[in-house]
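# Descriptive analysis of the structure
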Amino acid sequence: MSRVELLCPDLGEFKNVPVIDVLVKPGDDIEVDTPLITLETDKAAMDVPSTAAGKLVELLVVKGARISKGTPLARIETTGQTEATAVAAATAAP
């Protein structure tokens, strides 16, 4: 196991986007694509999914915070499966 910091993905032209909901808490077991937080731009609300699987150790954002691309969201203890290995496993399955 190792610790991984999950970062906010590219939000296109948007910066300083408000977090309107936090969907996980420390101690939660999360999978790749588990929604972590909900953001709201002037165009739409969107969930930000996890890019790794494991146990959520530390949440780094709170409801009401403003985030941009690259903002640290959370730290997890990984089970070894990241987005890349999940994609490789899915494409290798018959």
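The text that follows walks through the structure, step by step, so that each part is easy to find.

Thresholds applied
- Residues numbered from 1 in each chain as written.
- Predicted model: local features only at pLDDT ≥ 70, side-chain atom pairs only at ≥ 80, totals over all residues.
- Heavy atoms only, no water.
- Pairing = 2+ DSSP bridges.
- Helix = DSSP H or I, 4+ residues; strand = E, 2+ residues; numbered from the N terminus.
- Salt bridge = Lys/Arg side-chain N within 4 Å of Asp/Glu carboxyl O.
- Buried < 20%, exposed > 50% of the residue type's maximum accessible area, 1.4 Å probe, protein only.
- Polar contact = N/O pair within 3.5 Å; in protein donor to acceptor, adjacent residues only side chain to side chain.
- Contact = heavy atoms within 4.5 Å.
- Core = buried A, V, L, I, M, F, W, Y, C linked by side-chain atoms within 4.5 Å.

### Section: the sheet that holds strand S4 (residues 35–40)
Spatially, S5-S4-S2-S7 is the arrangement adopted by the four strands of the open sheet, whose pairing is antiparallel. Since the sheet does not close on itself, it has two edges, and those belong to strand S5 (45–49) and strand S7 (66–67), each with one partner. Two elements, strand S2 (residues 17–22) and S7, share two bridges in a ladder whose sense is antiparallel. From the neighbouring strand, Val17 faces S7, where its bridge partner is Ile67.

### Looking at the pattern of salt bridges
With the rule as written, the count across this model stands at six salt bridges. As a salt-bridge pair, Glu58 and Arg75 come within 2.6 Å of each other at their nearest N and O atoms. A residue pair is termed long-range when its members are at least 10 positions apart, and Glu58 in strand S6 (residues 52–59) and Arg75 in strand S8 (residues 72–82) qualify at 17 residues. Its relative accessible area of 33% is what places Glu58 among the partly exposed residues. Residues joined in a network through salt bridges with shared partners are Glu5, Glu58 and Arg75.

### Observations regarding the side chain of Thr41
Structurally, Thr41 is set in the loop between S4 and S5. Take Thr41: its relative accessible area is 13%, and that puts it in the buried class. Within the local environment of Thr41, its side chain forms a polar contact with the backbone nitrogen of Lys43, the two atoms lying 3.1 Å apart. Those residues in contact with Thr41, other than ones at most four positions away along the chain, are Phe14, Val17 and Met46.

### Some thoughts on the nonpolar core
Leu6, Leu36, Ile37, Leu39, Ile67 and Leu73 are the most contacted members of the largest nonpolar core, which has 18 residues in total. Only S2, S4, S6 and S8 provide two or more residues apiece to this core.

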